[in-house]
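# A look at the structure
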Amino acid sequence: MIINTGSRTDIPAYYSEWFYNRIKEGYVLTRNPYYPEQVSRYRLTPDVVDVICFCSKNPEPMLKRLKELDAFRQLWFVTITPYGKEIEPGVPDKARVMDSFKTLSDMVGMKAISWRYDPIFITEKYSLEFHIRSFEKMADNLKGYTDNCVISFIDLYEKTKRNFPGIKEVLRKDREKIGEEFVRIGQKYGIAIRSCCEGTELKKYGVDTQGCMTKEIVERAIDLSLSIPKSKKPAREICSCLLGNDIGVYNTCAHGCIYCYANYDKRTVLKNMNMHKPDSPFLIGGFREEDHIKEAKQESYIDGQLSFFT
C-alpha cells in the first residue's frame, strides 16, 4: 500500500520528530476528517508499506534523520514557487529550499523526487512574464537534481477566496502560454512538465497531463511494478493519482499560504498545533472516549517485477 503525508498538511516541515517517532513505534492513528470518531490504525512497516509519499515546502527538518527511513521506499514532491512572504509567509527563503531539494535528491535519487511549481496565479506583481522568467531561473538551479516538474493553476476554493481577496482564475490563453513556455524551458534543462487536475488542454504543447502521482509515476520512483486492486479507485475523478491513506490533519500547517485549501484560518491552525505532542500516535491531540479505532486493511501491492522505467 501507499502511505501519503502531504494532502492535508506539511509533515516534513513541522512534524518530523513526530513522524520519526511513528516510524520507530511502527504505527500511526489517523482520524477521518469528516467523522472524527472514526480512527484508522495504519502499520508503518516495510512489509505492507510499499512507498511513503511526501509533499513539502520545506524538507530540511527531515534530512538529518533520513537514514531512519532506509527500510522504506520514498517518493518526494517539493513545492518551490517564486512568491514572496505576503503570499507564503511561513515558507523559508527559496534559495535555502532549493539547497535542501538538491541534498534530498542526492539522498533518495532523482527518480524519487519531483519539483512542484504550483499553484500558479497571475496578478499585477506575479505576471505571466514574471512566471516564465522565474521558472527558467529555478529550472537552471535545479537541473541535474530532478527530471520533472508538476504544475497546476490556482483553484478558487471558498477558503482561498476568503483568504486571498480579488484572486481570479488564470485565463486559458495564459494557461496555454505557460504550458508552452515551461515545456520549452524544461527541454533546455532536462525537466519534463506534468500537470495535475488541469484536463488535457496543455497536452498539445508536450505536457504530460495524466497526473502527478499515478501508478506509473510511483512505479518509476521505486523501480518496481505495482498491482493495484481494482477496488482502490483514484481519490479524484479528474486525475489518476493515488492519494488515499493520508496520515495528515487539516488546519495544522504554519506556512500560512494565502491560497491554501487545507487551512481554515490562522486561529484554527494555532489552536491545533498547540495540541500536538511528538510522542502521541495522533498528529493532533490524543485518545477520546468516543473513538472507534479500526485496523486499516493493508497489503503490499508489489508484484515482484522490475518496472524498468528510465
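Structure first, text after, so check above.
Structural notes, computed from the coordinates. This is a predicted model, so every value here is computed, not measured. (Residues numbered from 1 in each chain as written. Predicted model: local features only at pLDDT ≥ 70, side-chain atom pairs only at ≥ 80, totals over all residues. Heavy atoms only, no water.)

### Section: the pairing of strand β7 (residues 148–153)
Taking burial as the measure, the six residues of β7 include six buried ones, the bulk of the element. With four bridges joining them, strand β6 (residues 113–120) and β7 adopt parallel strand pairing. Bridge assignment links Trp 115 to a residue of β7, and that residue is Cys 149. With respect to chirality, the unit in which β6 leads through helix α5 (residues 128–142) into the neighbouring parallel β7 is right-handed. (Buried < 20%, exposed > 50% of the residue type's maximum accessible area, 1.4 Å probe, protein only. Helix = DSSP H or I, 4+ residues; strand = E, 2+ residues; numbered from the N terminus. Pairing = 2+ DSSP bridges. Right-handed = clockwise from strand over helix to strand, strands pointing away.)

### Points about the nonpolar core
One finds Phe 19 and Trp 115 to be the most contacted residues of the largest nonpolar core, which totals 85 residues. If you tally residues by element for this core, the top one is α5, at seven residues. In this structure Phe 19 touches Thr 5, Ile 11, Ile 52, Phe 54, Met 62, Leu 69 and Ile 247, once residues within four positions along its chain are discounted. (Core = buried A, V, L, I, M, F, W, Y, C linked by side-chain atoms within 4.5 Å. Contact = heavy atoms within 4.5 Å.)

### Looking at the packing of helix α4 (residues 94–108) against α5
The contact between α4 and α5 brings their axes to 10 Å, and the two run at 35 degrees. Crossing of α4 against α5: the hand is right-handed. Facing Met 98, Phe 101 and Lys 102 of α4, the residues of α5 in contact are Met 138, Asn 141 and Leu 142. Considered class by class, the residues forming the contact of α4 with α5 number four nonpolar, one polar and one charged. (Axes fitted to C-alpha atoms, helices over the stretch in contact; angles between N-to-C directions. Left-handed = near helix turned anticlockwise from the far one by under 90°. Nonpolar A, V, L, I, M, F, W, Y, C, P; charged D, E, K, R; others polar.)

### Topic: the sheet that holds strand β4 (residues 51–56)
Pairing between the strands of a sheet comes from backbone hydrogen bonds, and it takes one of two forms, parallel or antiparallel. Strand order in the open sheet made by the six strands is β1-β4-β5-β6-β7-β8, with parallel pairing throughout. In this open sheet, the two strands that pair with only one neighbour each are β1 (2–4) and β8 (192–195). Mean inter-strand twist for the sheet, computed between neighbouring axes without regard to direction, equals 25 degrees. The pairing of β4 with strand β5 (residues 74–79) spans five bridges and is classified as parallel. Pairing of Cys 55 across the sheet is with Phe 77, part of β5. Together, β6, β7 and β8 form the strand contacts of α5, whose direction differs from that of β6 by roughly 170 degrees.

### Quick look at the sheet that holds strand β2 (residues 27–31)
The sheet built from three strands is open, its strands ordered β2-β3-β9 with mixed pairing. Edge positions in the sheet fall to β2 and β9 (292–295), since each of these pairs with one other strand and no more. Strand-to-strand, the axes of this sheet are offset by a mean angle of 30 degrees, without reference to chain direction. Two strands pair when backbone bridges link them, and β2 and strand β3 (residues 38–43) are joined in this way by five bridges, in the antiparallel orientation. Bridged to Tyr 27 within β3 is Arg 43.

### So, the environment of Ile 151
Position of Ile 151 among the secondary structure elements: in strand β7. As a C-alpha pair, Ile 151 and Thr 209 span 58 residues in sequence and 9.8 Å in three-dimensional space.

As far as function goes, none of this settles anything; it's purely spatial.
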